[in-house]
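Structural overview
Residue-level listing of the chains:
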Amino acid sequence: MKVVNLKQAILQAWKERWSDYQWAINMKKFFPKGATWDILNLADALLEQAMIGPSPNPLILSYLKYAISSQFDDFSRDLCVQALLDIMDMFCDRLSCHGKAEECIGLCRALLSALHWLLRCTAASAERLREGLEAGTPAAGEKQLAMCLQRLEKTLSSTKNRALLHIAKLEEASSWTAIEHSLLKLGEILANLSNPQLRSQAEQCSTLIRSIPMMLSVHAEQMNKTGFPTVHAVILLEGTMNLTGETQSLVEQLTMVKRMQHIPTPLFVLEIWKACFVGLIESPEGTEELKWTAFTFLKIPQVLVKLKKYSHGDKDFTEDVNCAFEFLLKLTPLLDKADQRCNCDCTNFLLQECGKQGLLSEASVNSLMAKRKADREHAPQQKSGENANIQPNIQLILRAEPTVTNILKTMDADHSKSPEGLLGVLGHMLSGKSLDLLLAAAAATGKLKSFARKFINLNEFTTYGSEESTKPASVRALLFDISFLMLCHVAQTYGSEVILSESRTGADVPFFETWMQTCMPEEGKILNPDHPCFRPDSTKVESLVALLNNSSEMKLVQMKWHEACLSISAAILEILNAWENGVLAFESIQKITDNIKGKVCSLAVCAVAWLVAHVRMLGLDEREKSLQMIRQLAGPLFSENTLQFYNERVVIMNSILERMCADVLQQTATQIKFPSTGVDTMPYWNLLPPKRPIKEVLTDIFAKVLEKGWVDSRSIHIFDTLLHMGGVYWFCNNLIKELLKETRKEHALRAVELLYSIFCLDMQQVTLVLLGHILPGLLTDSSKWHSLMDPPGTALAKLAVWCALSSYSSHKGQASTRQKKRHREDIEDYISLFPLDDVQPSKLMRLLSSNEDDANILSSPNRSMSSSLSASQLHTVNMRDPLNRVLANLFLLISSILGSRTAGPHTQFVQWFMEECVDCLEQGGRGSVLQFMPFTTVSELVKVSAMSSPKVVLAITDLSLPLGRQVAAKAIAAL
C-alpha cells in the first residue's frame, strides 16, 4: 500500500469514527521525518483494529513500543507526546491477545516498556511544570502532567494490566529495576509540587506500581472473629503431648494456621495465651502440671521470639504483643482461675518473661503489670493459710531452667575423679518433684536430648566392675541405678525418641538404648518374651539365679550391672517355672524378689519388663503367678540394709512399673495396687468407656467438641487413643463423614477448624488418606456427589487444602515425637497411584474411566504424562515420595473433572478447592501444592466464571518457570 493512500484512509477513518481530523494531521506535521513511517504503521494497525473490533491487537503495542523506545525521547515536543498519549488512551485499559504464548509474553514486555516510557514522560512533565512555576508559566507543563497521570492511572487501574506487568517483571528484572528508578526520580520531583490533586494522583499511581510484585499476598484479615479454635487446639496439643517438639516446627505450624485463616496478629497472640492459661487450669496435678508450666513460661516466649522474625517489623510485632496482653487483661475470670490454680500472679511472670525476650518494652511491661495488679485487688482471695508458704510451680520452673545448664556442665566432668560428688548432685535431683521440674525445664528449652545423652554416658560408664572396694562399688551401683531409672522415666514421660541417638550402629549402641528398644514395654509396642534379647548366656543366668536364691543380699563388688539386667529375664523365667512346678515356695519367691529390688531398682524394672511381655502371651487362667511376682517386685523393701536414696529411687521405680503394666492390666481387667507416689502418674489412662464400640465413642466425642467449640486436653487424648486403635483410614474416614453431615454453614466451618487441629495428631498420614483415598472416592462416584453440596462440600474443600498445605510445608522436616512412636499400618502402595512414565496408566485414571460414561473424554487410560505436564515435573520433584504422588494424582483428577463434559457438585467442589488454594497462597512461597497441577488445567479453570480473574491465574501458575509465565500470560491476555 502506498503512503499517500494510507494517509487518506487514516484521515477518512478518524473523521468517521472519532471525528478527530486534527489528530491525524498532527501525526504528519509534528513528528520528525524519520518517524513518519513508524507512526503511519501504527495508525495503519489502529485502523485495522478499528475495523475488527474494540480490543487492540498486540501488534499495536509493539509498534508503540518501538516508536517510544527509538524515536520519542524528546519530551519537549508537546504534540508528539500528546499523540502518543492519545494512542495509549485508546487501548491501555482493554488489552487482549488470542495468539500464541510467545505473542502474549511479547504483550507483557511491550506493556512494561510503555509503562517505563510513561513514567519518564510523567517525570519530564513534572520537571517542566516546576520550571514553569519558577518562570511564572505553568500552564503547558501542568496540562501534559495531568494527561500523563491520567494515562498512568487508567493503565494501572486494570488488574489485568497489573497482572501482565507482574509477569513482565519476572521476565525482565532489569526493566523493572529501571521502572523503580523512574519512580524514585518522579517522587523526588513531585515532592516539591504545590498542586495537591496532581501529587495525590501521582502517589496513588506509585502505590499501584509498587503493589505489582506483591499483588498475590494481600488478604483481608478476619476482624469479625474473636476466637480461633484451631490455634487454641494446636497449642493444647503441643503442650499436652509434644513438649519436646522443636520450637521451629511449632512456629511454622502456627504461621501456616495464621496465614490460612487470615488471623490478625494481636488476636493470634491472644489465642496462644488463652490456650496456655486453659492448659494450665485443666492440667492434672503432678508431672502434667509441671510440663504445662514449662511450656507456657519457657517455650511459648521462645516461640513468639521466632514468630517475631516472621513478622514485617519488630516494632509492629511488639505493639501487637502489647495489644494481645491488653485484650488478655480483659479476660479477668480466666486469669483469676489460673492464678488460683498456680497460687501466684501468672500474668506477672508471663510479662516478665516477655520483657526479658524483647517481646515487650519495659514501659509496656510496667503498665500492664499495674493494670493486672489493680484488677487482682478485686479478685477472690488467692492465698489461703495452708498454701501461702508453698512456692508456685512457675517460680520453681523458672529457677530450674538455669539449674539444668549447671547440671549438664557437672555431668561433663570426668566421672571417675569424683563419683561421690556426682552422686550427691543426682541424689538431690531425686528428692520431691525436683526431677520432674528439671526434666520439664529441659524439655521446654530443647535441652532434654542433651540431658538424656549425659545420663546414657554415665550409665555406660558404670556398667562394668573392676578391682574396687565396697564403697566405690556401692557408688557405682547407685550411679548405674539412678541413671537407668531416670532414663526410663524420661522415655515414658517424653517418648523414647528423646533417648535414641541418631547414627549409632552395632557395637556402638549403648546398653540402655539396646535394652529400651528390645525389652522395654511401651504403649502399642508388642514384645516377644522369647526374643533372643531375653535369652542371654546360660552360665550367667545360672549364676544370677543362684545369687538371688541363696544369698541373703546382692553382692555389689565387681558386679556387671548391664549383664545382670540382661540376664534377669531368663532368671525370672526359671524362678517362675520352679514356683509353678512346686520346686520353690512363696517364701522363697519373696526372698528372691527382695533381693532383686533390695539394692538396685533397675533389676526390678528389667524383671517386670519381661513379665509384662510374658503375661501377654498367657491365657487368663495362667497369669496369676506372673502377676503376683509383679506385685512382689512393686512393693518397697522395708530394711535398714538398703543403699542410699532408696526411698526416692523406689518412688521412680513404681512410677515406671505402673506405666509398663498399664497396657496389659487394662486388657486383662486386672488390678495391681502400686504404692502411691503422691501423684497420679497416668492421668490420661483408661479414658475410653468399657464395652462401647469405638466408632460410637468417636462420633460422641466429636459432637461434644463441636458443640463446645474447642478441643480440651482430655479430648485430645481420647482422639489420640482412637486414632491408635482404629488406624488412620478408619479415623479420618469417620470424621469426614461427620463433617459431611453438617448442614449449617457456621457449624461446618467450626468443624473444619476443629478437625484440622485433631488431624495434627498425625497430619502426614491423615493427609495421605484424605487426598489419596477419601477425596478421589467422593469425586469419582456419582452416587456420593450429593454429599459435596454447600456447605459441607465447601468445608471439606477447605479442610483438604489446609491439610495438603500443612503436610507439604512440613513433610521434609522431622516428624514429631508423637507421630514417630506409632506403629501404623501401610495405607497403600502410593507408587501405583502415579505413573512415572508415558506408558504406565495411573490407577486413578483407570478408576475414572470405569466410573464415567464419557471415559475417553474425561480421561483416557493411555493418557501420556506430557499432556499433563506440571511445574513439579519441571522442578524435578521426587515422585517416589508418597505425599508428592498423592498430590500429583489429585490434581490429575481435578484436571480431568474440569476437562469433562459432566458438571455437578464435584465440579463445584473442584472450584472451591482451587479457590481455597489461592486464598491460602503464601506470597513468594516456592514449592506450593499447586505446582502439581497440570499446566493444561489453567485454561480450563479460567472458563469457570468465579476463577476467571488475573490474580487467580497468577496464583495457580508457577511463575518461577518460563513455561509457567507463558501459560499465565496466555490465559490472562485472553480474559
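Along each chain, residue indices are assigned from 1 in the same order as the chain's sequence is written. Side-chain atom pairs in this predicted model are given and counted only at pLDDT of 80 or more, local residue features only at pLDDT of at least 70, and totals for whole chains, interfaces and linings cover all residues. Hydrogens and waters are ignored; side-chain quantities use all the structure's heavy atoms.

We count a stretch as a helix when DSSP gives it H or I for four or more residues in a row; a strand needs E for two or more, and each element gets its number in order from the N terminus. Secondary structure summary: the protein contains 45 helices and 0 strands in total. Scored against the burial criterion, the 975 residues of the protein give a buried share of 56%. All accessibility values rest on the Shrake-Rupley procedure with a 1.4 Å probe; residue burial counts only the protein chains present in the view. Accessible area of the protein: about 41,000 Å², with a carbon and sulfur share of 52%. Relative accessibility decides the category of a residue: with a 1.4 Å probe and only protein chains considered, values under 20% of the type maximum give buried, values over 50% give exposed, and everything between is partly exposed.

Here we take up the environment of Asn195. Its place among the elements puts Asn195 in the loop between α9 (173–190) and α10 (196–211). Look at Asn195 and you get partly exposed, because its relative accessible area is 22%.

On to the nonpolar core. In plain words, nonpolar cores are sets of buried Ala, Val, Leu, Ile, Met, Phe, Trp, Tyr and Cys residues tied together by side-chain atoms within 4.5 Å. With 309 residues, the main nonpolar core has Trp515, Phe759, Phe913 and Met914 as its most contacted residues. Pairs of residues are marked as contacts when any of their non-hydrogen atoms sit within 4.5 Å. Every residue in contact with Phe913, bar those within four places of it in the chain, is listed here: Ala797, Ala800, Val801, Leu890, Phe891 and Ile894.

Looking now at the packing of helix α25 (residues 538–550) against helix α26 (residues 561–580). Only the stretch in contact is used when a helix axis is fitted, and all axes are lines through C-alpha atoms; the angle between N-to-C directions ranges over 0 to 180 degrees. The contact between α25 and α26 brings their axes to 8 Å, and the two run at 75 degrees. Comparing their axes, α26 and α25 come out roughly perpendicular. Of the residues in α26, those in contact with Lys540, Val541, Leu544, Val545 and Leu548 of α25 are Glu563, Ala564, Ser567, Ile568, Ala570, Ala571, Glu574 and Ile575. Polarity classes work like this: nonpolar for Ala, Val, Leu, Ile, Met, Phe, Trp, Tyr, Cys and Pro, charged for Asp, Glu, Lys and Arg, and polar for all others, with Gly in that last group. When grouped by side-chain class, the residues that make up the contact of α25 with α26 number 9 nonpolar, 1 polar and 3 charged. Working definition: roughly parallel below 35 degrees, roughly antiparallel above 145 degrees, roughly perpendicular at 65 to 115 degrees, and oblique for all remaining angles.

Per residue, pLDDT measures the predictor's confidence, with a range of 0 to 100. Confidence in the prediction for the protein averages 77 pLDDT; 77% of positions are at 70 or higher. When mean pLDDT is compared element by element in the protein, helix α33 (residues 728–740) scores highest at 93, while helix α39 (residues 855–858) scores lowest at 34. The low-confidence segment residues 1–57, where pLDDT is below 50, has 70 contacts with residues more than four positions distant or belonging to other chains. Overall, residues 834–866 carries pLDDT values under 50, and its contacts beyond four positions in sequence, including any with other chains, amount to 60 contacts.

Our working definition of a disulfide is a cysteine sulfur pair at a distance within 2.5 Å. One pass over the structure, following the stated rule, counts 0 disulfides. Not part of a disulfide, Cys108 finds its nearest cysteine sulfur in Cys104, a span of 7.4 Å. For Cys108, a relative accessible area of 1% corresponds to the buried category. Distance from the sulfur of Cys732, which forms no disulfide, to the nearest cysteine sulfur (Cys803) is 7.3 Å. What makes Cys732 buried here is its relative accessible area of 0%.

Further remarks concern the side chain of Arg372. Locating Arg372 in the fold gives a position in helix α18 (residues 362–376). By relative accessible area, Arg372 is classed as buried at 2%. Any N or O atom pair separated by 3.5 Å or less is treated as a polar contact, with the protein-specific requirement of one donor-capable and one acceptor-capable atom, and with residues adjacent in sequence counted only for side-chain atom pairs. Separated by 2.8 Å, the side chains of Arg372 and Asp339 make a polar contact. Leave out the neighbours within four places in its chain, and Arg372 touches Leu329, Thr332, Leu335, Asp336, Asp339, Asp345 and Thr347.

On to α18, then. Because each turn of an α-helix spans 3.6 residues, side chains separated by three or four positions in sequence point in the same direction. One less than the number of residues in a helix, times 1.5 Å, gives the span that helix is expected to have. With 15 residues, α18 extends 21 Å between its outermost C-alpha atoms, agreeing within 8% with the 21 Å of an ideal straight helix rising 1.5 Å per residue. Turning to α18, its buried residues are Ser364, Val365, Leu368 and Arg372. Down the axis of α18, the smallest arc covering the buried residues is 100 degrees, so these residues share one side. In this structure, α18 carries Glu362, Ala363 and Lys373 as exposed residues pointing more than 90 degrees from its buried face. The arc in question is traced by the directions running from the helix axis to the C-beta atoms.

What follows concerns the packing of aromatic side chains. For this analysis, a ring pair means two rings from Phe, Tyr or Trp (six-membered ring only for Trp) whose centres lie within 6.5 Å, classed as stacked if their planes differ by under 30 degrees, edge-to-face if by over 60, and tilted for the remaining angles. Scanning the model with the defined rule gives 15 aromatic pairs in all. Taking 6.3 Å as the distance between ring centres and 25 degrees as the angle between the ring planes, the aromatic pair formed by Phe480 and Trp561 counts as stacked. With Phe480 in helix α23 (residues 470–494) and Trp561 in helix α26, this pair connects stretches of sequence that are 81 residues apart. The exposure class of Trp561 is buried, given its relative accessible area of 0%. With 5.2 Å between their ring centres and 85 degrees between their planes, Phe484 and Phe512 make a pair best called edge-to-face. Of this pair, Phe484 sits in helix α23 while Phe512 sits in helix α24 (residues 511–519), placing them 28 residues apart in sequence. Assessed through its relative accessible area of 0%, Phe484 is described here as buried. Judged by its relative accessible area of 1%, Phe512 is buried. Between Lys291 and the ring centre of Tyr494, over which it is positioned, the NZ or CZ distance is 5.0 Å. Over the ring of Trp579 we find Lys625, and its NZ or CZ is 5.4 Å from the ring centre. Counting as a charge over the ring demands two things of the Lys NZ or Arg CZ atom: a distance within 6 Å of the ring centre and an angle within 35 degrees of the ring normal.

Moving on to helix α19 (residues 393–411). The terminal C-alpha atoms of α19 lie 25 Å apart, and with 19 residues this matches the ideal 27 Å at 1.5 Å per residue to within 8%. The largest bend in α19 comes to about 30 degrees, at Glu401, with the proline Pro402 one to four residues further on. As for α19, its buried residues are in contact with α14 (287–310), α16 (332–342), α17 (346–356), α20 (419–430), α21 (434–444) and α22 (448–461). Bend at a residue means the angle formed by two fitted axes: the first through the 7 residues ending at that position, the second through the 7 residues beginning there.

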